[in-house]
Structure formats: C-alpha cells, structure tokens
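Structural features, examined
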Amino acid sequence: MADRIAKGLSDQDVVRFLRQMVTLYKDRRSGNPALAEALRKLADRLEKEAAAQRVDSSPAQSSLWVTPSTEELRAYDDDAISTYINDEARTKLDLVELAFARFSIPRSKLQRMPAAEIRDAISAALKHEQSLKIISEEAERYGASRRS
C-alpha cells in the first residue's frame, strides 16, 4: 500500500474510486444524482483515455485492453459471455460492467465481491437465463399441440 502511494494512483484506481462515488451519490433521496452522473461521465472518459494510452503504447497487446461498450456487452451471446468471464486478463471492473450491462446485477453489490465471486455470479445468471429459455421453448412446443 505504501508502495502504491509513493508511486501515485493509477488511472484504474481513480476510475474505481469515481465509480464508488457514483454509487454513493446516485440515490435520489439522500444523494446527488446530478453529481453522480457527472462523476460517471468523468470515470468513463478517464477509463477510455487510459485504455487508448495503453493501446498506443503497447500495440501487441491491444486486444487485452479493449473494453466493450455497454451496448456491446448487452448483445453478447452465451459463448461470448463464457469466454469473457474465463479470460484472466479481465479486471474486476470489466466483470462488474458485464454483470451490470447484461444481467442487471447491481454494481454496488458486485464491487464488494472478489473477482472470482463475480465470475460465479455471472455464470449463475447465465445458467438461469438458459434455463428460462428452455422452459419457454418447451411451453411453446407443448402449448401449440394442446387442444383443451
């Protein structure tokens, strides 16, 4: 910890802090939603700029640092989600964003969990979604042939 303070905070540390502040301020009754939105935008911008700097400085590893947008995360199919959560290069923040964007799991809940537990939560949500699809398909198949 003292080593980190001596070196200064990384961009990722600042982004993580800003996202925690967003969670704190977003409550409409006791918080400040306008400030929360401004902090979220600031965190997004800092994260994108930091990612662009890493890509520029390390073109051989550019695939590691590309963070998909929220819309791209929402569109991920089952295989893409499995690949994403099994990629050890993905940070805890990457996993939190996927869980929030794709499965609407609250960020505040996920930020308190270790990365391994976030992976488990995403996997469980994916399995739950798959089971609902199967139930729906079976109901449609047997519902169409039912005559009563």
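**Some words on the pattern of salt bridges**
- Tallied over the entire structure, the rule returns 13 salt bridges.
- Arg19 is paired through a salt bridge with Glu97; the nearest N and O atoms lie 4.0 Å apart. Remark: Glu97 occurs in helix 7 (residues 92-103) and Arg19 occurs in helix 2 (residues 11-25); sequence separation between them is 78 residues. Comparing Arg19 with Glu97, the two get one shared label, buried.

**Notes on the side chain of Glu47**
- Position of Glu47 among the secondary structure elements: in helix 3 (residues 33-57).
- Judged by its relative accessible area of 13%, Glu47 falls in the buried class.
- At 2.8 Å, the side chain of Glu47 forms a polar contact with the side chain of Arg19.
- Residues in contact with Glu47, not counting those within four places in the same chain, are Gln12, Val15, Arg19 and Leu93.

**Overview of the packing of aromatic side chains**
- Inspection of every chain in the model, using the stated rule, returns one aromatic pair.
- Ring plane angle 65 degrees and centroid distance 5.8 Å describe the contact between Tyr76 and Tyr84, whose orientation is recorded as edge-to-face.
- Stacked on the ring of Phe100, the Lys or Arg Arg107 has its end atom at 3.9 Å from the ring centre.

The rules behind each value
- Residues numbered from 1 in each chain as written.
- Predicted model: local features only at pLDDT ≥ 70, side-chain atom pairs only at ≥ 80, totals over all residues.
- Heavy atoms only, no water.
- Salt bridge = Lys/Arg side-chain N within 4 Å of Asp/Glu carboxyl O.
- Helix = DSSP H or I, 4+ residues; strand = E, 2+ residues; numbered from the N terminus.
- Buried < 20%, exposed > 50% of the residue type's maximum accessible area, 1.4 Å probe, protein only.
- Polar contact = N/O pair within 3.5 Å; in protein donor to acceptor, adjacent residues only side chain to side chain.
- Contact = heavy atoms within 4.5 Å.
- Phe/Tyr/Trp six-rings, centres within 6.5 Å; stacked < 30°, edge-to-face > 60°.
- Lys NZ or Arg CZ within 6 Å of the ring centre and 35° of its normal.

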